[in-house]
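Single-letter residue listing:
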Amino acid sequence: MTATLDLIISIVRTPAILVALIAILGLVLQKKSFSDVMTGGIKTFIGFLVLSGGAGIVSGSLAPMGKMFIHAFNVQGVIPNNEAVVATVLVTYGSSTALIMLVSMIVNVLLARFTSFKYIYLSGHVMIYMSAMLAVIMSVAGFSTWPLILLGGLILGVANTLMPALVQPYVREVTKSDTVALAHTGDFGYFIAGVIAKVFGDKSKSTEDLNIPKSVSFLRDSTVSITLTMVVIYVILAIFAGPSYVGKMSNGVNYIVFAIIQAGTFAGGVYVILAGVRLILNEIIPAFKGISEKLVPNAKPALDCPIIFPYAPNAVIVGFFSSFIGGVLSMILMVLLHTVIVIPGVVAHFMCGATSGVIGNAVGGRRGAIIGSFVQGIFISFLPLALIPVLGKVGLGNAMFSDSDFGIVGSYVGWLGRAGGVAAITAGILVAFVLLILASVLVSSRRKANLNTNKELGKENA
């Protein structure tokens, strides 16, 4: 039994295998040939491995950048890093974490089947992070094992259904379709970025429409422009950090050369991510048609945030830097306010900032990309301050959960626990579930009303 459970959990927490199996299921339901099923499943599997490999390359190249920043400016504090904090949590809460995730997936599929929110959350790695956070918070609040698993799975299933729905109007603006959704722990932050960008942006001027003279036309290539931009940033940070400190990371390579190599590695990682995304989209969307038709009508696959990077490569970099600047300014403000200092997590600001930049550009142009991702950067910098007190001993470490959804869901559950313990959390989770159902009914009613209105207009025009 334990071995079977371990196998199931290992599959659902590995996006490449999980989404490949989903693609295979969709193709089988469409009664495709064995050859088509194998091709679709394997290409989806490889596409996710390519995407994950690119993300690993980017994260690896950003690690020295973060260290150089901390050393150059002599700051100490909490660093948002999901992997670091989850590695600690799983030692104590591993079984509860896995079972919360399993329950949440069942809840998500049922909600997608029977409500108006037709989003199936397929980012297994971030699901395990959210599950780990909830296991800690609910244990600290006093939950015993099975209530913790069932209620933790329920609230995570609700969040995994609602968050993609919240940001989907902006994803439609990016993709010019309604075939794919976002499943990432930054979804609420992307929603905030979209709202801000729409209010303060100017959609007529896109980050992708740069007026570049012919003499420097090579800058039109996103890989070239990303490389040159990152070279400037890395070299400046390397100079501030000093050759002796950078030399410890570079294994004897000249510190300037090391900075240039890391910048090129970053650009290469982004290129690999974009290639993986294209491969996945070409396979998963047609395959998901079978699931939509047979199991969950009108279902949409909700995938990890790099899925929208190819739609605006320039906005990816604009969003990253704007979010990071927001994080730096937030850190300075924390120093002045004498709070816990949240050091800007470079990987968190890249993933969340880049995604906010693409969304901001789609709804508010260049200005929207800059302002939306900047506000999102401030948002994810201050949210950990609300999360730290509800995590018990885990909140006393040097690493903390990043991204907005951790702060929103974790703070909601955790502060209910601090206010009223197990009873308050239980009531709060049930209220969230009921509100989701009511919201679904409201959305369904509006859709029917709009449909009837369109029919009436069609009759009048006829």
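The structure presented is a predicted model; accordingly, all values stated were derived computationally and were not measured. (Residues numbered from 1 in each chain as written. Predicted model: local features only at pLDDT ≥ 70, side-chain atom pairs only at ≥ 80, totals over all residues. Heavy atoms only, no water.)

1. Brief notes about the overall build of the protein
Then step 1. Scanning the protein from N- to C-terminus turns up 13 helices and five strands.
Then step 2. Compactness check: the protein gives a C-alpha radius of gyration of 22 Å against a globular reference of 23 Å for 462 residues, within 12% of the reference.
Then step 3. Considering only C-alpha atoms, the protein reaches an extent of 65 × 60 × 45 Å along its principal axes.
Then step 4. Taking all 462 residues of the protein together, the buried fraction comes to 52%.
Then step 5. Sequence-distant contacts, at least 24 apart, represent 82% of the contacts inside the protein between residues at least 6 apart.
Then step 6. Of the roughly 20000 Å² that the protein leaves accessible, carbon and sulfur atoms contribute 67%.
Then step 7. Positive and negative side-chain charges in the protein, numbering 28 and 17 respectively, have mean positions lying 2 Å apart. (Helix = DSSP H or I, 4+ residues; strand = E, 2+ residues; numbered from the N terminus. Rg over C-alpha atoms; globule rule 2.2 N^0.38 Å. Buried < 20%, exposed > 50% of the residue type's maximum accessible area, 1.4 Å probe, protein only. Contact = heavy atoms within 4.5 Å. Areas by Shrake-Rupley, 256 points an atom, 1.4 Å probe, with all protein chains shown as cover. Lys, Arg positive; Asp, Glu negative; His and termini not counted. Charge placed at Lys NZ, Arg CZ, Asp CG, Glu CD.)

2. Some points on the packing of helix 3 (residues 34–73) against helix 12 (residues 346–387)
Then step 1. Here helix 3 crosses helix 12 at 130°, and the two axes come no closer than 8 Å. With respect to helix 12, the element helix 3 is oriented oblique. On the side of helix 3, the interface is formed by A55, V58, S59, L62, M65 and G66, while helix 12 contributes V346, V347, F350 and M351.
Then step 2. Here the contact of helix 3 with helix 12 is built from residues that sort into eight nonpolar, two polar and no charged. (Axes fitted to C-alpha atoms, helices over the stretch in contact; angles between N-to-C directions. Parallel < 35°, antiparallel > 145°, perpendicular 65-115°, else oblique. Nonpolar A, V, L, I, M, F, W, Y, C, P; charged D, E, K, R; others polar.)

3. Considering the environment of I11
Then step 1. Here I11 shows up in helix 1 (residues 2–12).
Then step 2. Once the C-alpha coordinates of I11 and Q262 are considered, the two residues, 251 residues apart in sequence, prove to be 32 Å apart.
Then step 3. For I11, the contacting residues outside a window of four places in its chain are I17, L18 and L21.

4. Quick word on the sheet that holds strand 3 (residues 181–182)
Strand pairing within a sheet occurs via backbone hydrogen bonds; the two strands may be parallel or antiparallel.
Then step 1. Sheet architecture is open: three strands sit in the order 2-4-3, paired in parallel fashion. Strands with a single pairing partner mark the edges of an open sheet, and in this sheet they are strand 2 (119–121) and strand 3.
Then step 2. Relative to strand 4 (residues 300–303), strand 2 runs parallel, the two sharing three bridges. Among the inter-strand pairings, Y121 is bridged to a residue of strand 4, identified as A302. (Pairing = 2+ DSSP bridges.)

5. Structural notes on the pattern of salt bridges
Then step 1. Within the structure shown, the criterion is met by three salt bridges.
Then step 2. Here R172 and D178 are joined by a salt bridge, their closest N and O atoms 3.4 Å apart.
Then step 3. The partner of E173 in a salt bridge is K203, and the shortest N-O contact between them spans 3.0 Å. Placement of E173 in helix 6 (residues 145–175) and of K203 in the loop between helix 7 (187–200) and helix 8 (222–241) is noted, with a sequence separation of 30 residues between them.
Then step 4. E173 gets classed as partly exposed once you look at its relative accessible area, which sits at 24%.
Then step 5. Through salt bridges with shared partners, one network takes in R172, D178 and K300. (Salt bridge = Lys/Arg side-chain N within 4 Å of Asp/Glu carboxyl O.)

6. Remarks on helix 2 (residues 15–29)
Then step 1. An ideal rise of 1.5 Å per residue puts 21 Å on 15 residues; helix 2 measures up with 21 Å between its terminal C-alpha atoms.
Then step 2. Among the residues of helix 2, those classed as buried are P15, A16, L18, V19, A20, I22, A23, G26 and L27.
Then step 3. Just downstream of helix 2 lies K31, where phi reads positive at about 60°. (Expected span 1.5 Å × (residues − 1).)

7. Some remarks on the packing of aromatic side chains
Then step 1. Here the structure, examined in full by the defined rule, presents 11 aromatic pairs.
Then step 2. Residues F188 and F191 carry aromatic rings whose centres are separated by 5.9 Å and whose planes lie at 50° to one another, so their mutual orientation is tilted. Taken together, the positions of F188 and F191, both in helix 7 and three residues apart, correspond to about one turn of that helix.
Then step 3. Residue F191 is classed as partly exposed on the basis of its relative accessible area, which comes to 21%.
Then step 4. On the basis of an interplanar angle of 80° and a centroid distance of 5.2 Å, the ring pair of F266 and F350 is categorised as edge-to-face. (Phe/Tyr/Trp six-rings, centres within 6.5 Å; stacked < 30°, edge-to-face > 60°.)

8. Examining a nonpolar patch on the surface
Then step 1. Taken together, the side chains of I325, L329, I332, L333, L336 and L337 make up a nonpolar region of the molecular surface, amounting to roughly 570 Å² of accessible area.
Then step 2. By secondary structure assignment, the location of I325 is in helix 11 (residues 313–337).
Then step 3. For I325, a relative accessible area of 46% gives the class partly exposed. (Patch = residues over 30% accessible without salt bridge, like charges linked within 9 Å, V, L, I, M, F, W, Y side chains within 5 Å.)

9. Some details on the nonpolar core
Then step 1. Formed by 135 residues in total, the largest nonpolar core has its most connected members in L62, M230 and F350.
Then step 2. Considering every element that reaches this core, the biggest residue donor is helix 10 (residues 255–294), with 15 residues.
Then step 3. Filtering out sequence-adjacent residues up to four positions away, L62 remains in contact with M230, Y234, F266, F320, V346, V347 and F350. (Core = buried A, V, L, I, M, F, W, Y, C linked by side-chain atoms within 4.5 Å.)

10. Quick word on the side chain of S250
Then step 1. Structurally, S250 is set in helix 9 (residues 243–250).
Then step 2. At 3.3 Å, the side chain of S250 and the backbone oxygen of G247 are in polar contact.
Then step 3. A polar contact is formed between the side chain of S250 and the backbone oxygen of V253, at a distance of 2.8 Å. (Polar contact = N/O pair within 3.5 Å; in protein donor to acceptor, adjacent residues only side chain to side chain.)

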